[in-house]
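Working through the structure, step by step
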Amino acid sequence: LVGSEMCIRDRLSSGLEQFEKIPQIESISFRGCQNLEDEVEHLLKLENIKHLDIAKTDASFEVINKILQKNKELETLCLKTRELTNERFVDVNLPLLKDLDLEGCHISSENFHDLVKEGASHLEYLNLSKVKKLTTECFEIFKGFTALKEVETDEELIVYGRLIAYMKMREEVEKIPDWQR
């Protein structure tokens, strides 16, 4: 199900408040929708969401956090072009997360960790293209990704095995004293 800007912007009687009456909704996209803040109470009543796209919306960090807290069954999450650095996710537990799209996000290492910590064993795909502020600590988290198959970055699609090989090589290089490098 794809939410339209019109139903959200105009808050038609057939808008989000009607979606909560359809408990079988598992996938919903609000990509590019505005005024999502006004409809959050209806969105939080959707209980079975497994695939959520809130890329390029005007939703605040607080609203995104509430949505993620409520939807612990999420398998796919798209947060493209979001600012996720100024505040910290609280009580976000996504143990079934398989597909995480952070393309163009400004995300702190702490928030990256909070998003993936519970789902590390299930995560299969991670899009980090155009991601800003990722630090070495973020890449340390990769060691817990036992199911990860692909990581998309700016340059190319990286197969997980190549990433692990790079991490091991970097660890060995870091053991060498600076004066010997």
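Note that this is a predicted model, so its numbers are computed, not measured. (Residues numbered from 1 in each chain as written. Predicted model: local features only at pLDDT ≥ 70, side-chain atom pairs only at ≥ 80, totals over all residues. Heavy atoms only, no water.)

Quick look at the overall build of the chain now. Each helix and strand counted, the chain has 7 helices and 9 strands in total. A buried classification covers 43% of the 181 residues belonging to the chain. The long-range share in the chain, meaning contacts at least 24 apart out of those at least 6 apart in sequence, stands at 56%. On the chain, roughly 9,600 Å² of surface is accessible, and the fraction owed to carbon and sulfur atoms is 50%. (Helix = DSSP H or I, 4+ residues; strand = E, 2+ residues; numbered from the N terminus. Buried < 20%, exposed > 50% of the residue type's maximum accessible area, 1.4 Å probe, protein only. Contact = heavy atoms within 4.5 Å. Areas by Shrake-Rupley, 256 points an atom, 1.4 Å probe, with all protein chains shown as cover.)

Another aspect to go through is the pattern of salt bridges. Under the definition given, this model contains 8 salt bridges. A salt bridge links Asp 53 to Arg 31; the shortest N-O distance between them is 2.7 Å. You can see Asp 53 sitting in strand 2 (residues 51–53) and its partner Arg 31 sitting in the loop between strand 1 (27–29) and helix 3 (40–43), a full 22 residues away along the chain. Take Asp 53: its relative accessible area is 11%, and that puts it in the buried class. Lys 80 serves as the salt-bridge partner of Asp 101, at 3.8 Å between the closest nitrogen and oxygen. Within this pair, whereas Asp 101 is found in strand 5 (residues 99–101), its partner Lys 80 is found in the loop between strand 3 (76–78) and strand 4 (83–84), the two being separated by 21 residues in sequence. (Salt bridge = Lys/Arg side-chain N within 4 Å of Asp/Glu carboxyl O.)

Another point: the nonpolar core. Counting 43 residues, the largest nonpolar core has Leu 77, Leu 102, Phe 112, Leu 115, Leu 126 and Phe 145 as the members making the most contacts within it. Secondary-structure elements contributing two or more residues to this core are helix 3, helix 4 (61–70), helix 5 (109–116) and helix 6 (136–141). Ranked by residues supplied to this core, first place goes to helix 4 with 5 residues. Once you skip the residues sitting within four places of it in the chain, Leu 126 turns out to touch Leu 100, Leu 102, Phe 112, Phe 142, Phe 145, Leu 148, Glu 150, Val 151 and Glu 152. (Core = buried A, V, L, I, M, F, W, Y, C linked by side-chain atoms within 4.5 Å.)

It is worth spelling out the environment of Lys 70 at this point. As for its placement among the helices and strands, Lys 70 is situated in helix 4. Setting aside residues no more than four positions away along its own chain, Lys 70 makes contact with Leu 44 and Glu 47.

Our next topic: the environment of Lys 45. Within the fold, Lys 45 resides in the loop between helix 3 and strand 2. Put simply, Lys 45 and Pro 23 are 22 residues apart on the chain and 9.1 Å apart in space, counted from C-alpha to C-alpha.

Backbone geometry places Lys 56, a non-glycine residue, at a positive phi of 55 degrees. Relative to the helices and strands, Lys 56 resides in the loop between strand 2 and helix 4. The phi dihedral of Asp 91 falls on the positive side, at around 55 degrees, and the residue is not glycine. Here Asp 91 lies in the loop between strand 4 and strand 5.

The subject of this paragraph is helix 4. For helix 4, every residue scored as buried is listed here: Phe 61, Val 63, Ile 64, Asn 65, Ile 67 and Leu 68. For helix 4, the elements touching its buried residues are helix 3, strand 2, strand 3, strand 4 and helix 5.

Along helix 5, 6 of the 8 residues are buried, which leaves the element largely enclosed by surrounding structure. Within helix 5, burial applies to Ser 109, Asn 111, Phe 112, Asp 114, Leu 115 and Val 116.

With that settled, consider the state of the cysteines. Scanning the model with the defined rule gives 0 disulfides in all. Cys 78 supplies the cysteine sulfur nearest to Cys 105, a cysteine that is in no disulfide, at a spacing of 8.0 Å. Looking at Cys 105, the relative accessible area reads 0%, which means it is buried. (Disulfide = S-S within 2.5 Å.)

Note that all results are geometric; they support no functional claim without further evidence.
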